[in-house]
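Fold and contact review
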Amino acid sequence: MGQKFDTKSVHLALKDTNSIDSKVTPIYQTSAFKFSDLEDLENFYNGKKDYLYSRVGNPNTDELGGAVAQLEGAPKGVATSSGLSAILVGVLAVAKAGDHIIASNDIYGGTYQLLANELVDFGIEVSFVDFEKVSEVENHIKENTKLIYSESITNPLLRVESLDEVVRIAKEHNLYSMIDNTFATPYLCQPYSSGIDLVVHSATKYLGGHSDVTAGVLVGKEELINKAKGKVVNIGTNLSPFDAWLACRGIKTLSVRMERHVRNAQALADALRKNTGVDKVYYPTSVSTKGNGAIVSIDITGLCNIEKFFKSLSWVKIVPTLAGVETSVSYPLTTSHRALPKESQIELGITEGLVRISVGIEDAEDIINAFEKAIHESIL
Ligand SMILES: *Cc1c(COP(=O)(O)O)cnc(C)c1O
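Analysis parameters
- Residues numbered from 1 in each chain as written.
- Predicted model: local features only at pLDDT ≥ 70, side-chain atom pairs only at ≥ 80, totals over all residues.
- Heavy atoms only, no water.
- Phe/Tyr/Trp six-rings, centres within 6.5 Å; stacked < 30°, edge-to-face > 60°.
- Helix = DSSP H or I, 4+ residues; strand = E, 2+ residues; numbered from the N terminus.
- Lys NZ or Arg CZ within 6 Å of the ring centre and 35° of its normal.
- 1 Å grid on protein atoms, 1.4 Å probe; cavity = no way out; pocket = protein on both sides within 12 Å on 5 of 7 lines; lining within 4 Å.
- Points joined across faces, edges and corners; volume = space filled by probe spheres on them.
- Nonpolar A, V, L, I, M, F, W, Y, C, P; charged D, E, K, R; others polar.
- Domains from an automatic or database assignment.
- Salt bridge = Lys/Arg side-chain N within 4 Å of Asp/Glu carboxyl O.
- Buried < 20%, exposed > 50% of the residue type's maximum accessible area, 1.4 Å probe, protein only.
- Contact = heavy atoms within 4.5 Å.
- Buried area = accessible area lost by both parts, 1.4 Å probe.
- Polar contact = N/O pair within 3.5 Å; in protein donor to acceptor, adjacent residues only side chain to side chain.
- Pairing = 2+ DSSP bridges.
- Right-handed = clockwise from strand over helix to strand, strands pointing away.
- Core = buried A, V, L, I, M, F, W, Y, C linked by side-chain atoms within 4.5 Å.

Section: the packing of aromatic side chains
Applying the stated criterion across every chain yields a total of seven aromatic pairs. Ring centres of Phe 33 and Tyr 51 lie 5.4 Å apart, and the angle between their planes is 35 degrees; this geometry places the pair in the tilted category. Separated by 18 residues along the polypeptide, Phe 33 in the loop between helix H1 (5-11) and helix H2 (38-45) and Tyr 51 in the loop between H2 and helix H3 (59-72) bring together distant segments of the chain. Where Phe 242 meets Trp 245, the ring centres are 6.2 Å apart and the plane angle is 15 degrees; that geometry is what we call stacked. In this pair, Phe 242 and Trp 245 both sit in helix H10 (residues 241-251), three residues apart, roughly one turn of the helix. The cationic tip of Lys 290 hangs over the ring face of Tyr 187; the distance from NZ or CZ to the ring centre is 4.0 Å.

Some points on empty space enclosed by the protein
A complete count under the given rule lists one cavity of 30 Å³ or more for this structure. The volume enclosed by the largest cavity comes to roughly 30 Å³. Lining the largest cavity are Ile 153, Leu 158, Phe 183, Pro 284, Asn 292, Gly 293, Ala 294 and Ile 295. Among the residues making up the lining of the largest cavity, the classes are represented as six nonpolar, two polar and no charged. Here the lining of the largest cavity spans two domains, since at least three of its residues come from each of domain 1 (38-251) and domain 2 (254-378).

A short note on the pattern of salt bridges
By the definition in use, this model includes eleven salt bridges. For Lys 49, the salt bridge is made with Asp 40, and the minimal N-O distance between the two is 3.0 Å. Relative accessible area serves as the criterion here: at 30%, Lys 49 is assigned to the partly exposed category. Residue Asp 40 is classed as buried on the basis of its relative accessible area, which comes to 12%. Glu 125 is the salt-bridge partner of Lys 142, the closest N and O atoms lying 2.8 Å from each other. Residue Lys 142 is located in the loop between helix H6 (134-139) and strand E4 (145-151), and its partner Glu 125 is located in strand E3 (residues 125-129); the two are separated by 17 residues in the primary sequence.

A closer look at the side chain of Ser 177
Among the secondary structure elements, Ser 177 is positioned in strand E5 (residues 176-180). Once residues lying within four places of it in the same chain are set aside, the contact partners of Ser 177 are Leu 147, Ile 148, Val 166, Ala 170, Gly 195, Ile 196, Asp 197 and Leu 198.

Section: the domain arrangement of the protein chain
By the assigned domains, the protein chain splits into domain 1 (38-251) and domain 2 (254-378). Look at where the C-alpha atoms of domain 1 and domain 2 centre, and you get two points 27 Å apart. Listed by partner, the interface residues are 26 residues for domain 1 and 38 residues for domain 2. Between domain 1 and domain 2 the total buried area reaches about 2600 Å² when both faces are included, carbon and sulfur atoms providing 67% of it. The tally of links from domain 1 across to domain 2 stands at zero salt bridges. If you look at where domain 1 meets domain 2, you find nine residue pairs in polar contact (both at pLDDT 80 or more). Where the side of domain 1 that touches domain 2 is concerned, the elements lending two or more residues are helix H5 (109-118), helix H8 (185-188) and H10.

A word on the pairing of E5
Taken across its five residues, E5 has four buried, putting it largely inside the fold. In this structure, E4 lies alongside E5, joined through five bridges in parallel fashion. Pairing of Ser 150 across the sheet is with Ile 179, part of E5. In this fold, the crossover linking E4 to E5 by way of helix H7 (residues 163-172) has right-handed handedness. In this sheet, strand E6 (residues 198-202) lies alongside E5 in parallel orientation, the contact comprising three bridges. For Asp 180, the partnering residue across the bridge sits in E6 and is Val 200.

Examining the nonpolar core
Leu 64, Leu 272, Ile 298, Phe 309, Val 355, Ile 357 and Phe 371 are the most contacted members of the largest nonpolar core, which has 82 residues in total. It is helix H11 (residues 254-273) that provides the largest number of residues to this core, a total of eight residues. A domain-level breakdown of this core finds at least three residues from each of domain 1 (38-251) and domain 2 (254-378). Apart from the residues lying within four places of it in its own chain, the contact partners of Phe 309 are Ile 298, Ile 300, Val 355, Phe 371, Ala 374, Ile 375 and Ser 378. Counting 28 residues, the second largest nonpolar core, distinct from the first, contains Ala 93, Val 94, Leu 115 and Leu 218.

Here's what the structure looks like:
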């Protein structure tokens, strides 16, 4: 080649990668894509080539958006840097300064912070309403209301949203509807198929499934996803190719993981309902014919010493998140719901003895034994 050392070290030995047939999608860990000449570059702008710059589009992030759209039965999806950024671009696709949103008052803590503390600075007003009282939701609708927002299964008390009611209210009042489907996953629940306009996921949870990636996905009607994708590009909330690849790998085993997660959660809920050290077991009954999710919350206030309980969990890890293959526990009072005023904590049932269990895919018997032992050792 006749090049000197520095040039050779920068350009390396390139092969024609077109002839390499990888079984799985390779990781396109690149910030940009190359073009052979100016005509080839023009091909991007006239739609004959898909990729220019990874913030604008990347095969791995497209694969993730497309995969979740397919599972939800939606025409299109876009992957983002986190669940929260997927929520942000979803909201911005339908609402702008001067508009109003109605959100459920028991949504995920991070979403509450985003809607309550950040959107206000974008000039978007949010009302937090008890979605169990449908009339309350309707009473809060104003002339500038654009969106109603809730979650298919809430946390930590696992209320199951009536999606039909949300769709009915949205249709009657000409509003957009958006549902966070993170806890249920498309394995158990497909809000888009029920008529919801936008469905959002923290892929950090069950879609990724292995607690090794932070990612988000928004799916819905093509026109809305195109708008949201524009926000991703302009705000810069794109996902990295490697993280998209990891999330896609997780999705391939979503069904088998969820089947086991759900079966174990049901077995644990049944066992803890019989345990005299447990005051209350929160586990839904009406999510899907395939099961009711993999989060079980228990209230042991007044029956067990909570500090001792958390010290007696042997192999079960204390983790302030959920949805990994390992069983873990979190303590909502001092983590996810810490910022709430005392009255709201009481109103929502976030007590001193509330424990949220993310049930993993281990042997059900071992999981049950671990919790029965911790309760036994901490009982007052
Ligand atoms: C974790 C979570 C989010 C936020 O997702 P990140 O990936 O952490 O940004 C939103 N909604 C629900 C229900 C979640 O559990």
